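# Results of the structural survey
Each chain, written out:
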Amino acid sequence: MLPTRVLRAARGSKANITGFNMRAFKEAAGQPRYDPWERAEAWRYVGTFSRWNRFKGSLPGLGTATVAFTGYCLYEHFFIQDEDHGEAHH
């Protein structure tokens, strides 16, 4: 057997050969009390650059095109008659 499989069988879960525990590292790091770059980064998330405003203009003609295509499909379905009326083509 490979060494990793032996370690997994012994622990019962995914083995970490390096001994580095990411969960313990994140808990020790915590949230900084003061971020000196907070004010410099704030403009990225408000006003013109907010999440809604960034994605709002990504597909500018989609709404108009959807309404126009739906209208055309409804017109074609209800008002345009088939010319062959079910006859087989020879």
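Overview of the structure. If you're wondering where the values come from, they're calculated on a predicted model, not measured in any experiment.

## Some words on the overall build of the chain
Regarding its fold elements, the chain presents 5 helices and 0 strands. When each of the 90 residues of the chain is scored for burial, the buried share is 1%.

## Some details on a nonpolar patch on the surface
A cluster of nonpolar residues, Phe69, Tyr72, Leu74, Tyr75, Phe78, Phe79 and Ile80, forms a patch on the protein surface that exposes about 830 Å² of accessible area. By the element assignment, Tyr72 lies in helix α5 (residues 62–79). Overall, the relative accessible area of 45% leaves Tyr72 in the partly exposed class.

## Details of the packing of aromatic side chains
In the structure shown here, the tally under the stated rule is 3 aromatic pairs. Their ring planes at 45° and their centres at 5.8 Å tell us that Phe20 and Phe25 sit as a pair that is tilted. A ring pair is formed by Trp43 and Phe49, whose centres lie 5.3 Å apart and whose planes are at 85°; its orientation type is edge-to-face. The partly exposed category is assigned to Trp43, whose relative accessible area is 44%.

## Section: helix α2 (residues 22–29)
Taking burial as the measure, the 8 residues of α2 include 0 buried ones, a minor fraction of the element. A positive phi of about 60° marks Gly30, the residue just after α2.

Analysis parameters
Residues numbered from 1 in each chain as written. Predicted model: local features only at pLDDT ≥ 70, side-chain atom pairs only at ≥ 80, totals over all residues. Heavy atoms only, no water. Helix = DSSP H or I, 4+ residues; strand = E, 2+ residues; numbered from the N terminus. Buried < 20%, exposed > 50% of the residue type's maximum accessible area, 1.4 Å probe, protein only. Patch = residues over 30% accessible without salt bridge, like charges linked within 9 Å, V, L, I, M, F, W, Y side chains within 5 Å. Areas by Shrake-Rupley, 256 points an atom, 1.4 Å probe, with all protein chains shown as cover. Salt bridge = Lys/Arg side-chain N within 4 Å of Asp/Glu carboxyl O. Phe/Tyr/Trp six-rings, centres within 6.5 Å; stacked < 30°, edge-to-face > 60°.

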